[in-house]
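Each chain, written out:
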Amino acid sequence: MAITITDGVCPIFSSGSRRPHFSYLKSNQRLTSIALGRLRDGSKVTATVNPYSETEAARPEERKSLTDFLAEAENFYISEGGDGGPPRWFSPLECSSRAPGSPLLLYIPGIDGTGLGLIRQHRRLGEIFDVWCLHFPATDRTPARDIVKIIERTVRSEYYRSPNRPVYIVGESVGACLALDVAASNPDIDIVLILANPVTRLNNFMLQPLSSLLEILPDQVPSLMEDNFVFSEGYHQYAAMFESMLNETVTQVGGGLLGDIFAASANLPTLARIFPKETLLWKLQLLKSASASAKSHMYTVKAQTLILLSGRDQWLLNKEDIERLCCALPKCEVREFENNGQFLFLEDGVDLATILKIAYYYRRGKKLDYISDYTLPTPFELKEFEQSQRLLTAAVSPVFLSTLDNGTVVRSLAGIPSEGPVLYVGNHMLLGLELRPAAIHFLKERNIILRGLAHPVMFAKKIGSKLPDMQMFDSVRIIGAVPVSNTNFYKLLRSKAHVVLYPGGVREALHRKGEEYKLFWPEHSEFVRIASKFGTKIIPFGAVGEDDLCQMVLDYNDQMKIPFLKNIIEEITQDTIKLRNDEEGEVRNQDLHMPGLIPKIPGRYYIYFGKPIETKGREKELNDKEKAHEVYLEVKSEVERCMTYLKTKRDSDPYRNIFPRLLYYLSHGLSSQIPTFDFPNH
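Only a predicted model underlies this, so the values are computations on that prediction, with no experimental measurement involved. (Residues numbered from 1 in each chain as written. Predicted model: local features only at pLDDT ≥ 70, side-chain atom pairs only at ≥ 80, totals over all residues. Heavy atoms only, no water.)

### What about helix H24 (residues 658-668)?
Each α-helix winds once per 3.6 residues, and so residues spaced three or four apart point in a common direction. Of all the positions in H24, only Ile-658, Arg-661 and Tyr-664 are classed as buried. Looking straight down H24, one finds its buried side chains confined to an arc of 115°; they lie on one side. Exposed and oriented more than 90 degrees from the buried face of H24 are Leu-663, Leu-666 and Ser-667. On the buried face of H24, the contacting elements are helix H14 (390-396). Capping the start of H24 is the job of one residue whose side-chain oxygen sits 3.0 Å from the backbone nitrogen of Phe-659: Asn-657. Residue Gly-669 follows H24 closely and has a positive phi angle near 100°. (Buried < 20%, exposed > 50% of the residue type's maximum accessible area, 1.4 Å probe, protein only. Helix = DSSP H or I, 4+ residues; strand = E, 2+ residues; numbered from the N terminus. Arc of directions from axis to C-beta. Contact = heavy atoms within 4.5 Å. Polar contact = N/O pair within 3.5 Å; in protein donor to acceptor, adjacent residues only side chain to side chain.)

Have a look at this one:
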């Protein structure tokens, strides 16, 4: 038996076989690939694949759609020719560009069973994972417990081959239940679970009517649909009519799942052919048994878990069960997608590779290394980051100054060294809002990624904690922020990174009324001695402008006088990692709170980078604590000088207020650089 699969699908091999062999050939000037393998029955498999073109690769936002998914699922159906199984793995050719040392990612599909649910994600995931997808032939009737054994056998085989790398299992719907069972049975294996809309208890109110409806449907549904709705002629017209007729019923009965299916109603004949009545009835039975098994085993799961929830998937999901699942899993994080439906990975705006990166769930070893496991943002991710900060950047129109080696101050980042390691040390403005515009400007002008040392609250949250949702900090994490620690600081400098350090920390970012531009630095710091070990250039900088953006009306002292706010602050602070316990006075006060603010008519941000302080060749000298402390005080003094300079000079900026800037944009264009104050060269 020979199987040919087209349109970027991939080689197929059985659950018991090893990796397929690839060979490449040119056919009619079109690059194709032939993958050879053998199924369990010994028959040969031939897969013909069309990989993404270079044009498509250059435009990551133009990815495949639900319609493409259905078209390629039909190719599977035609190629199988009634083959009843067993379930088998395939590895998409689009995923062949992975980096060395990439971990294995196993995809377990939802109720569709095609294994094509990640079709929009293949190319991006293939850059950082070895991706295998499980496919269930339409007539396969393998019970849930045997499917778990197939997955488990693969997990153990691959883990023993690479014991120092984790095995990722991405499961959708029923696939998430199967993944939970595999993790529960293998607590000794380093498994990372990514569960999209897991179903641990069925919504019988929705499920029972659907089962009854399927029971009474005739077996000839595909031919009846094509004959009666004439889909081959006037296809889209009748599809739109059919969708309109079913819209109200779908909303009332089917919720997210059926709504998403009928949204692609032009593909209804394809759906009917891929999922005949007997297959759907079996899938529902599989869903029941898999969800029941997962529910009984979830308390024994020890794996690191990321749960992805669609806001519009009301057909199967039960919020209470999801909360129970989160409490049962010791290492679990939940991310919600309020505007997405059942087919999460096929929808716009959902990029699984990006999700794993910003959640810091991507690692190549036994433990997450925030430095070596970090992957640079893609051009598309950087564009998304810039778009997310567009409003703030437009409102404050930041001015960036730097100092050349000869002491000349320029309005650009020309004074910033290209090669690392470089350490930028400065003051925190309120809420640390200066970092995002600075990160964008460094990327656009110098193509430099700033790695900020951030408070641990941005990276971990206990279940039930009142800390902010982790998704609030996505924009900071995508550009490489890491939890502040001596270890991470050391590793960043060793990797020759451009590192941003705020010695004032939370106390400075959450200052009180009247404390704008006041430094809350520790009496002593080790950053100079560590920096000198790598010959790091230290660049002091000052940032001003927060007082032109908002006015504080309710600070920490005010809130601590209000009993219920005081209780919230104390509870939140207890849930965070304690920093600076060895300090005294206000520097030690790291209590977290949200100050009450009133926005002002926006002014302008100014950030001034002073002259670099060299430590290269001074390691022995700066290893002495007193000498290092002298440099520390020099850095602090330079930061204060930069702030004083900016506060004085901004008074002469004719475009400090937003209204003159708007007029300038109108007369010179939105892409023009708005002038600022004059500054003499010195």
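From this point, the narrative continues.
### Remarks on the pairing of strand S9 (residues 191-196)
Taken residue by residue, a regular strand's side chains alternate between the two faces of the sheet. Burial analysis of S9 places six of its six residues in the buried class, which makes it a mostly covered element. Covered by surrounding structure in S9 are Ile-191, Leu-193 and Leu-195 together with Val-192, Ile-194 and Ala-196, the residues of both alternating faces. When strand S8 (residues 167-172) meets S9, the two strands line up parallel, connected through six bridges. Bridging across to S9, Ile-169 finds its partner in Leu-193. Where the polypeptide runs from S8 across helix H5 (residues 174-185) and back to S9, its parallel neighbour, the crossover connection is right-handed. As paired strands, S9 and strand S10 (residues 304-310) are joined by five bridges and run parallel to one another. In the sheet register, Leu-193 faces S10, and the bridge partner there is Thr-305. (Pairing = 2+ DSSP bridges. Right-handed = clockwise from strand over helix to strand, strands pointing away.)

### Description of a nonpolar patch on the surface
A surface patch of nonpolar side chains, amounting to about 300 Å² of accessible area, comprises Ile-601, Phe-659 and Leu-662. With respect to the helices, strands and loops of the structure, Leu-662 is situated in helix H24. Residue classification places Leu-662 among the partly exposed residues on the basis of a relative accessible area of 43%. (Patch = residues over 30% accessible without salt bridge, like charges linked within 9 Å, V, L, I, M, F, W, Y side chains within 5 Å. Areas by Shrake-Rupley, 256 points an atom, 1.4 Å probe, with all protein chains shown as cover. Salt bridge = Lys/Arg side-chain N within 4 Å of Asp/Glu carboxyl O.)

### Topic: the packing of aromatic side chains
If you walk through the whole model with that rule in mind, you get 19 aromatic pairs. Between the aromatic rings of Phe-129 and Tyr-168, the centroid separation amounts to 4.8 Å while the plane-to-plane angle is 70°, which identifies the pairing as edge-to-face. A residue pair is termed long-range when its members are at least 10 positions apart, and Phe-129 in the loop between helix H3 (122-125) and strand S7 (130-135) and Tyr-168 in strand S8 qualify at 39 residues. Accessibility assignment for this pair places Phe-129 and Tyr-168 in one class, buried. Ring centres 5.1 Å apart and planes at 90° place the aromatic pair Phe-129 and Tyr-362 in the edge-to-face group. (Phe/Tyr/Trp six-rings, centres within 6.5 Å; stacked < 30°, edge-to-face > 60°.)

### Looking at the sheet that holds strand S18 (residues 537-544)
Taking strand neighbours across the sheet as the criterion, the eight strands line up as S13-S12-S21-S18-S14-S17-S15-S16 in an open arrangement whose pairing is mixed. Edge positions in the sheet fall to strand S13 (409-410) and strand S16 (482-483), since each of these pairs with one other strand and no more. Bridge count between strand S15 (residues 450-454) and S16: two bridges; the pairing is parallel. Following the sheet pairing, Leu-453 is matched in S16 by Val-482.

### Observations regarding unusual backbone geometry
Residue Pro-421 is reached from Gly-420 by a cis peptide bond, and omega for that bond is 5°. Locating Pro-421 in the fold gives a position in the loop between S13 and strand S14 (422-426). Positive phi, normally seen in glycine, also occurs at Ser-173, with a value near 55°. Among the structural elements, Ser-173 can be located in the loop between S8 and H5.

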